[in-house]
Amino acid sequence: MTTRMTDYSPDFDTLEKMEWAFSKGDVAYISKVLDSRPSLVLRIHGVCMLADMKREDAIPALARALREDPSPLVRHEAAFAMGQLEFKSGVPSLLEAMARDESVLVRHESAVALGSIGDERARPGLMTALEDVDEDVRLSAEVALADLEFLRRLRTRTEIQPIAETGQLTSRKTTPAKRQVERPSVRVPRSKAQPAIQSLIKTGILDRQFSVITDDQTVALPLMRDPNEIEIDELRKLVPSASLGVEDFEPRKRHPRTFEEALAERLSPDILSRLPKSFDVVGDITILELDSGLAVYETVIAGAIMEVHPNVRAVFAKSGEVSGAERIRPLRYIAGENRTHTIHKEYGCLFKVDLSKAFFSPRLSTEHQRVAQMVEKGERVIDMFAGVGPFSILTAKRLDEVRVEAIDSNPQAVELLQENVRANKVESKVHAHFGDAREVIRKELFQSASRVIMNHPSASKDFVKEACAALQPSGGTIHYYTFAGENWETDSRNDIEHVVKESGYVAERVLGIHRVREVAPMRWQVAVDLEVARGQ
Ligand SMILES: C[S@@+](CC[C@H](N)C(=O)[O-])C[C@H]1O[C@@H](n2cnc3c(N)ncnc32)[C@H](O)[C@@H]1O
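Please read all numbers here as calculations on a predicted model, not as lab measurements.

(A) Looking closely at the nonpolar core. Among the nonpolar cores identified, the biggest contains 58 residues, and Leu50, Leu62 and Leu126 are the most heavily contacted of them. Residue-level mapping places this core at the junction of two domains, with at least three residues from each of domain 1 (15–149) and domain 2 (181–249). Ignoring anything within four residues of it in the chain, the contact list for Leu126 reads Met98, Ala111, Leu114, Ala141, Ala144, Leu145 and Leu148.

Given below as structure tokens:
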């Protein structure tokens, strides 16, 4: 089993500059890089660097990342950074994220950060978050309110037990023990459980690491320590019949954060070690690649994925190779909704995708964006193998003055492409063509383009002559894709230079060459960006 990874090496130059800026304490530079919305790796690094600089002038950039970054991972990291920095100027954006962010991860981390900052202004927002639809967010808000309470007590010098005895307020990521544990407790009638919990949260002594015990009549609530007299008075004002004691409580089950964690108690270590290290997510569909020995566990694995990622609505397994001119992969339904169509978001554009009808791979998203960013104002681009349109639409969305001819020979891909063009409001810039790219170029697009995108790696080589013929007489750029092995760099370069020459054109300059993704062990999809001129 191999780990699939995006090739982030093109980002390393920028990363080096960021490291340099970090060493100089240049918050402005890192903020500027973050605002330019580079790759995920750079955005995560940028946020971490801002956190490590420990300066308040980093807060506006972190707040923008928290508010605007399309990735919940980056927004989560920004919230975490603000919690670490503890500047009160971070509070408004954290409150907004906790109230509105669609990601549970971000709402949870914002609540935790507000607890760390300990600003009383966060209290009403945290009280509202106690009603969040997600339990983890509710619990994070509870803990944050307890943190606030703790700080208030410190400020007013109220008597308090040493932290070591409670263990709760300082270590927010403690792992609960597995066996039952004896804790001080409060027992109340079931009908009074809510007011009792509110009172214990307010006084900061409810121990959320343990589950409550219920019977027909009463509920026992675990406490972090014996309550003092003031706390007992507070509680009895609301629940006069509350009785104190000591009981054995079960540690609370933590919601699993990864699907490996969710499966830890259900599968043997040997099976766990063979789980895929990553999987593809297209819209709300997950596609798994399982070795044959794992097929019997696939329903359990799919269930764990849906448990950890509530946005995933369907799970399929790859059941064969991508094949045919349409480049479609056979899939086997495993769990959730039995459908292959979904809406996938890529760099702010929406794509209707149907995995059983047309090619789409989320692993190409960085490549789509990279090429789209190379296109300049006024260009005329031909996307020879457009599929559902990611290269074409990302390009058109970026630039006002551009014209993209998007060709595909799969009628179902063209149908989806046309819908996507409309959905992303680029009808005036992207023109869809159904047919064989060779024919379409020969009949309609001869010598018309400044740039040609050839993303059909298994067959691009056979279309190079037409791609060259599609370039305007002054020449242009070709983005050529192919598959290659160990000597990918030399092989891919030689390949394209040779075919260009054979076609009667001149490969003037290789602008860049890189591996896009691994497609099999020691085999990659490779991109070559090439400047081509007409032969003499
Ligand atoms: C690897 S997919 C690339 C899709 C798209 N560029 C993307 O990145 O998602 C290749 C596409 O080429 C199309 N195709 C195959 N042969 C073709 C031909 N002769 N003319 C035009 N399109 C073709 C297939 O239908 C498929 O959608």
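Anyway, onward from the coordinates.
(B) Structural view of the site of the ligand. The environment of the ligand is formed by 21 residues, the closest being His368, Phe385, Asp408, Ala437 and Asn455. Between the ligand and Phe385 there is a distance of 2.7 Å, counted from a nitrogen atom to a backbone nitrogen or oxygen. A distance of 3.1 Å separates a nitrogen atom of the ligand from a polar backbone atom of Ser409. One can see that the ligand is located within the second largest pocket. The residue makeup of the shell around the ligand includes at least three contributed by each of domain 3 (259–339) and domain 4 (347–534).

(C) Just the packing of aromatic side chains, in detail. Enumeration over the complete set of coordinates arrives at five aromatic pairs. Ring geometry for Phe385 versus Phe463: centroids 5.0 Å apart, planes at 85°, classification edge-to-face. Placement of Phe385 in the loop between β11 (380–383) and α17 (390–398) and of Phe463 in the loop between β14 (451–454) and α20 (464–470) is noted, with a sequence separation of 78 residues between them. Phe463 carries the same exposure label as Phe385, and that label is buried.

Rules used in this analysis
Residues numbered from 1 in each chain as written. Predicted model: local features only at pLDDT ≥ 70, side-chain atom pairs only at ≥ 80, totals over all residues. Heavy atoms only, no water. Core = buried A, V, L, I, M, F, W, Y, C linked by side-chain atoms within 4.5 Å. Buried < 20%, exposed > 50% of the residue type's maximum accessible area, 1.4 Å probe, protein only. Domains from an automatic or database assignment. Contact = heavy atoms within 4.5 Å. Near = heavy atom within 4 Å. Polar contact = N/O pair within 3.5 Å; in protein donor to acceptor, adjacent residues only side chain to side chain. 1 Å grid on protein atoms, 1.4 Å probe; cavity = no way out; pocket = protein on both sides within 12 Å on 5 of 7 lines; lining within 4 Å. Sits in = over half its atoms within 2 Å of the grid points. Phe/Tyr/Trp six-rings, centres within 6.5 Å; stacked < 30°, edge-to-face > 60°. Helix = DSSP H or I, 4+ residues; strand = E, 2+ residues; numbered from the N terminus.

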